[in-house]
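Reading the structure
Below are the chains, spelled out letter by letter.
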Amino acid sequence: MKLGIVGLPNVGKSTLFNSLTKAGAESANYPFCTIDPNVGVVMVPDERLQLLANLYHSAKITPAVIEFVDIAGLVKGASKGEGLGNQFLANIREVDAIVHVVRCFEDPNVIHVDGSVDPVRDIETINLELIFSDLEILERRISKTVRGARNDKTLAKELDLLNRIKEHLESGKLAITFATDDEEEQQWIASYNLLTGKPVIFAANVSEDDLLDDGDSNSYVQQVREHAKEQNSEVFVICAQIEQEIAELDDDEKKMFLEDLGLKESGLEKLIKASYSLLGLISYLTAGETETRAWTIKQGTKAPQAAGKIHSDFERGFIRAEVVNYQDLLDCGSYAAAKEKGLVGLEGKDYVVKDGDVILFRFNV
């Protein structure tokens, strides 16, 4: 999974990126201190892995990972070359979802690029730049398609779609809110890779005081939540400053630090939950003496395709899947005991994999 982090300059975006990935992206109180997109890979915390590894005495634990891409601060006119220009928007086209960091705190010592804190205005500024960038893509596609549309029904249909999406964007709406039941049109839209067609998670960056009630008493956070409802986006509340402090601690210290603050989970854990929920992702597990590992798949994935995540041969030569729920496996104390109690299912090609399934694939190539 790849997430692009965007936001106006000085909203806490690079501070958040640093703390999430410990990648050390430069962070300073002036616009454009992040010149190149920084990339960091983060392990997805999953306590099930350690428990299974203990059971199997695994030599290695391999968690699922998320790749974060930190995009330089966008400003009004970025799509037309203002600030650092449109080059950075290209970096977001490759991501699965966009994490949009929004400033929801007052601090006279941190300059706001537009002179005041107004999260909805900030969101709209970024959205407008993404819309302009998408319109450029569509216009290029339209000029290519027009040529053949006169003599080709399929191209004529696609041209009609392109013009409808263009009109939708020109009215200030995002591609993600453009509806069509036509499967062919849906495939075309996916192939355009529009920035405004990507799911968005809003990271409402608050002060430490507002973190304790999850931003419920912060009017800026309420505005972000209202705005997010309109486009079915996820919102999570974070304090980038605190995340930076947490990033310096080991696991035990982290736990104590969060408890002292009265928090159940870190911002990273909140973000991962929001990402999995928004993108409809789950993890299944494999376990053995060599390795215990988490594999991320889409909800609704059937067993052969889940096996293909490990290796294409597993999918090609799929025979069956031996499946046990991880909690049942732990409760029984061994795979053999779980099998004896009838808790290991022998599943075929139509089995839909569930979150927390521990699977042994049988295949023959």
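A few points on the structure. None of these values were measured; they are calculated from a predicted model.

What follows concerns a nonpolar patch on the surface. Side chains of Val41, Met43 and Val65 sit close together on the surface and give an oily, nonpolar patch of about 290 Å² of accessible area. Its place among the elements puts Val41 in strand E2 (residues 38–43). Judged by relative accessible area, which is 52%, Val41 ranks as exposed.

So, on to the sheet that holds strand E4 (residues 65–70). Sheets are built from strands that pair by backbone hydrogen bonding, the pairs being arranged parallel or antiparallel. What the six strands build is an open sheet, ordered E2-E4-E1-E5-E6-E7; its pairing is mixed. The sheet is open, and its two edges are formed by E2 and strand E7 (234–238), each paired on a single side. Between one strand and the next, the sheet's axes are offset by a mean angle of 25°, whatever the strand orientation. Bridge analysis of strand E1 (residues 2–6) against strand E5 (residues 97–103) gives four bridges, and the strand direction is parallel. Considered in E5, the bridge of Val6 is made with His100. Against the sheet, helix H4 (residues 119–149) makes contact with E1, E5 and strand E6 (200–205), and its axis sits at roughly 145° relative to E5, the strand it touches most. With respect to the sheet, helix H8 (residues 219–230) is in contact with E5, E6 and E7, its orientation differing from that of E7 by roughly 160°.

Bringing empty space enclosed by the protein into the picture now. Per the counting criterion, the structure on display carries two cavities of 30 Å³ or more. One number sums up the size of the largest cavity: a volume of about 70 Å³. In this structure, the largest cavity is lined by 13 residues; those nearest its centre are Asn127, Leu130, Leu174, Leu195 and Val200. Among the elements of the structure, E5 and H4 are those that each provide at least two residues to the lining of the largest cavity. The biggest single contributor to the lining of the largest cavity is H4, with three residues. Residue composition of the lining of the largest cavity, grouped by class: eight nonpolar, four polar and one charged. In this structure, the second largest cavity occupies an estimated 50 Å³ of space. Forming the boundary of the second largest cavity are Leu211, Val237, Ile238, Cys239, Glu243, Leu258, Leu263, Glu265, Ser266, Gly267 and Lys270. Looking at the lining of the second largest cavity, the elements that each hand over two or more residues are E7 and helix H11 (267–279).

Moving on: the environment of Lys309. Along the chain, the position of Lys309 falls in the loop between helix H12 (303–308) and helix H13 (312–316). On the accessibility criterion, Lys309 (46% relative accessible area) is partly exposed. Linking Lys309 and Trp295, residues 14 residues apart in sequence, is a C-alpha distance of 7.3 Å.

Of the volumes computed, that of the largest pocket is approximately 1,400 Å³. If you go around the largest pocket, you meet 38 residues; those closest to its centre are Met43, Val44, Pro45, Asp46 and Glu269. If you list the elements that add at least two residues to the lining of the largest pocket, you get helix H1 (13–21), E2, helix H2 (47–56), helix H9 (240–247), helix H10 (251–261), H11 and strand E8 (281–286). Looking at the lining of the largest pocket residue by residue, the class counts come to 19 nonpolar, five polar and 14 charged.

The subject of this paragraph is the pattern of salt bridges. Side-chain pairs of opposite charge can arise where the charged atoms are in close proximity. Summed over the entire model, instances satisfying the criterion amount to 24 salt bridges. In this structure, Glu185 and Arg164 form a salt bridge, with 3.0 Å as the shortest nitrogen-oxygen distance. Here Glu185, found in helix H6 (residues 183–192), pairs with Arg164, found in helix H5 (residues 153–170); they are 21 residues apart in sequence, far enough to count as distant. By relative accessible area, Glu185 is classed as buried at 5%. The shortest N-O distance in the salt bridge between Asp214 and Lys270 comes to 3.3 Å. With Asp214 in the loop between helix H7 (208–211) and H8 and Lys270 in helix H11, the pair connects residues that are 56 residues apart, well separated along the chain.

This part covers the pairing of E5. Summarising burial for E5: seven of the seven residues are buried, a large majority. In E5, alternate side chains face the same way, and those of Ala97, Val99, Val101 and Arg103 on one face and Ile98, His100 and Val102 on the other are all buried. With six bridges joining them, E5 and E6 adopt parallel strand pairing. If you follow Ile98 over to E6, its bridge partner there is Val200.

Here we take up a negative patch on the surface. A surface patch of negative charge is lined by Asp250, Asp251, Asp252 and Glu253. Checked against the element boundaries, Glu253 lands in helix H10.

Criteria and thresholds
- Residues numbered from 1 in each chain as written.
- Predicted model: local features only at pLDDT ≥ 70, side-chain atom pairs only at ≥ 80, totals over all residues.
- Heavy atoms only, no water.
- Patch = residues over 30% accessible without salt bridge, like charges linked within 9 Å, V, L, I, M, F, W, Y side chains within 5 Å.
- Areas by Shrake-Rupley, 256 points an atom, 1.4 Å probe, with all protein chains shown as cover.
- Salt bridge = Lys/Arg side-chain N within 4 Å of Asp/Glu carboxyl O.
- Helix = DSSP H or I, 4+ residues; strand = E, 2+ residues; numbered from the N terminus.
- Buried < 20%, exposed > 50% of the residue type's maximum accessible area, 1.4 Å probe, protein only.
- Pairing = 2+ DSSP bridges.
- Axes fitted to C-alpha atoms, helices over the stretch in contact; angles between N-to-C directions.
- Contact = heavy atoms within 4.5 Å.
- 1 Å grid on protein atoms, 1.4 Å probe; cavity = no way out; pocket = protein on both sides within 12 Å on 5 of 7 lines; lining within 4 Å.
- Points joined across faces, edges and corners; volume = space filled by probe spheres on them.
- Nonpolar A, V, L, I, M, F, W, Y, C, P; charged D, E, K, R; others polar.
- Lys, Arg positive; Asp, Glu negative; His and termini not counted.
- Charge placed at Lys NZ, Arg CZ, Asp CG, Glu CD.

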